[in-house]
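# An overview of the molecular structure
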Amino acid sequence: MGSLFGARLASVGESVWLLDTSEPHVRAIREKGLAVVTTKGETIAFPQATTDYADIGTVDLLIIFVKSAATRAAAESAAELLGPNTAVLTLQNGYGNAQVLAEVLGKERVIAGTTAQGATLLEPGRILHGGDGLTHIGEFCGGISPRLQQIAALLSRAGFATTAENEIAPLLWGKLIINAGINALSAITGLENGKLIECGETRTILEMAVSEAAKVAAALEIQLPYDDPVAEVTKVAIATAKNRSSMLQDLDAARITEIDAINGAIVREAARLGLAAPVNQVLVLLIKALERKKVSSVD
Ligand code: PAF
């Protein structure tokens, strides 16, 4: 996702640095540019790329796309990229990333949001832009600031239709509930998103997990950006029918998943409110067991 946003921003003339821990990816981008594959063909962008913060200097806008488990470490190491007016944008999946960034870097810097864009790394220096859809962003502290509007305009100019929103909680919860319904279930079963709806058993579990999560959001008085959570998650699963969810991709690649920031966040918030979330809890436990099997067998 970082490569996708970086490639598009570089293509419209912005000065972009990509910072990644993957040396092969950075080397390939430096040598041949960054290839973005879509159904319409392949384009090459030429952002600068490095594995070393010291190459970059201070930036106007820092966009964080690491997996949720790495947000705190990324924020702590990113401090040296910040000038007095640097804004920090997160479009990551999961709940709690914006809070961590606000804690480490200062809440007035933070802008958070969601995106329906989808990207997959095909090989070093080459990504697939597999899904297109709206991006929504909002100030961590709320309100529509001039910089929020500027960043929405910038992302839109780069090809990511983006709206500036007054409040982030409805956005983040809206996306959280979608990920809580789809991601763990697809990772456990190995099914593509669309199959979770076609198969009666997984559809039932999806509906149970989403209903629980929606009850937690209601108890927190979050106004979700849709009326019917189960219908919305079903719609997203059908719209992304051929996707292997990001959590399924994480397990396949023997990476730690974002379960703690997705279904884990629902379970924690439910417990804080005195509500039960047993289906989300079971999804968390099953993913943890699979992580133990897949991730520790690689270590
Ligand atoms: O994490 C993901 O995979 C995506 O957010 C979504 C929307 C579930 C589509 O696969």
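## What about the overall build of the chain?
Regarding its fold elements, the chain presents 12 helices and 11 strands. Its C-alpha atoms give the chain principal-axis dimensions of about 50 × 40 × 35 Å. Here the analysis covers contacts within the chain between residues at least 6 apart in sequence; of these, 70% occur between residues at least 24 apart. Taking the average location of the 26 positive side-chain charges in the chain and that of its 33 negative ones, the two points are 4 Å from each other.

## Side note on the environment of Gly159
Structurally, Gly159 can be placed in the loop between α5 (146-157) and β11 (162-165). A residue is classified by how much of its surface remains accessible, and Gly159, at 41% relative accessible area, is partly exposed. Separated by 151 residues in the primary sequence, Gly159 and Arg8 have C-alpha atoms spaced 7.0 Å apart.

## A closer look at the domain arrangement of the chain
Taken domain by domain, the chain comprises domain 1 (2-166) and domain 2 (170-294). The centre of domain 1, based on its C-alpha atoms, is set 24 Å off from the matching centre of domain 2. At the junction of the two partners, domain 1 supplies 14 residues and domain 2 supplies 16 residues. At the boundary of domain 1 with domain 2, total buried surface from both sides reaches about 1400 Å², with 58% on carbon and sulfur atoms. A per-residue breakdown of the area domain 1 buries against domain 2 is headed by Lys67, Asn93 and Tyr95, which together make up 51% of the total. Along the contact surface separating domain 1 from domain 2 lie 1 salt bridge.

## A look at the site of the ligand
Contacts to the ligand come from Asn93, Lys175, Asn179, Asn183, Asn193, Val236, Asn243, Ser245 and Ser246. Within the side chain of Asn179, one N or O atom sits 2.9 Å away from an oxygen atom of the ligand. For the ligand, the protein covers 86% of the area, taking 280 Å² as the surface of the free molecule. Take the shell around the ligand: its biggest share by element is 3 residues, from helix α6 (residues 169-189). A per-class count over the shell around the ligand returns 1 nonpolar, 7 polar and 1 charged.

## Let's talk about the packing of aromatic side chains
Per the stated rule, a full pass over the model turns up 3 aromatic pairs. Relative to Phe65, the ring of Phe5 has its centre 5.1 Å away and its plane inclined at 50 degrees; by these criteria the two rings are tilted. Remark: Phe65 occurs in the loop between β5 (59-64) and α3 (71-78) and Phe5 occurs in helix α1 (residues 2-11); sequence separation between them is 60 residues. Overall, Phe5 belongs to the buried group, its relative accessible area being 1%.

## Description of the pairing of β5
In the case of a regular strand, side chains alternate between the two sheet surfaces. As defined by bridge partners, β5 adjoins strand β6 (residues 82-90) across 5 bridges and the pair is classed as parallel. If you follow Leu62 over to β6, its bridge partner there is Val88. Tracing the backbone out of β5, into α3 and back to the parallel element β6 gives a crossover that is right-handed.

## Some remarks on helix α4 (residues 97-105)
Along an α-helix, a turn takes 3.6 residues, which lines up residues three or four apart on a common side. Taken as a whole, α4 has its buried residues at Asn97, Ala98, Val100, Leu101, Ala102 and Leu105. Residues of α4 that are buried in the fold lie against β5, α3, β6 and β7 (110-115).

## Thoughts on the pattern of salt bridges
Side chains bearing opposite charge may pair, as long as their charged atoms lie close to each other. All told, the structure shown has 15 salt bridges when counted by the stated rule. Across the salt bridge formed by Glu14 and Arg157, the nearest N and O atoms sit 2.7 Å from each other. In this pair, Glu14 is assigned in the loop between α1 and β1 (17-19) and Arg157 in helix α5, connecting sequence segments 143 residues apart. For Glu103, the salt bridge identified is with Arg72, shortest N-O distance 3.0 Å.

## Examining the sheet that holds β6
The strand order β5-β6-β7-β10-β11 describes an open sheet built from 5 strands, whose pairing is mixed. Sheet topology places β5 and β11 at the edges, where each strand pairs with a single neighbour. Averaged over all pairs of adjacent strands, the angle between strand axes in this sheet comes to 25 degrees, irrespective of strand direction. Contacts from α6 reach β7, β10 (135-139) and β11 within the one sheet, and its direction differs from that of β7 by about 40 degrees.

## A few points about unusual backbone geometry
Phi at Glu221 is positive, roughly 60 degrees, even though this residue is not glycine. Within the secondary structure, Glu221 sits in the loop between α8 (200-219) and α9 (229-239). Notably, Ala254 is not glycine yet its phi reads approximately 55 degrees, a positive angle. Locating Ala254 in the fold gives a position in the loop between α10 (246-252) and α11 (263-273).

Procedures and definitions
Residues numbered from 1 in each chain as written. Predicted model: local features only at pLDDT ≥ 70, side-chain atom pairs only at ≥ 80, totals over all residues. Heavy atoms only, no water. Helix = DSSP H or I, 4+ residues; strand = E, 2+ residues; numbered from the N terminus. Contact = heavy atoms within 4.5 Å. Lys, Arg positive; Asp, Glu negative; His and termini not counted. Charge placed at Lys NZ, Arg CZ, Asp CG, Glu CD. Buried < 20%, exposed > 50% of the residue type's maximum accessible area, 1.4 Å probe, protein only. Domains from an automatic or database assignment. Buried area = accessible area lost by both parts, 1.4 Å probe. Salt bridge = Lys/Arg side-chain N within 4 Å of Asp/Glu carboxyl O. Near = heavy atom within 4 Å. Polar contact = N/O pair within 3.5 Å; in protein donor to acceptor, adjacent residues only side chain to side chain. Areas by Shrake-Rupley, 256 points an atom, 1.4 Å probe, with all protein chains shown as cover. Nonpolar A, V, L, I, M, F, W, Y, C, P; charged D, E, K, R; others polar. Phe/Tyr/Trp six-rings, centres within 6.5 Å; stacked < 30°, edge-to-face > 60°. Pairing = 2+ DSSP bridges. Right-handed = clockwise from strand over helix to strand, strands pointing away. Axes fitted to C-alpha atoms, helices over the stretch in contact; angles between N-to-C directions.

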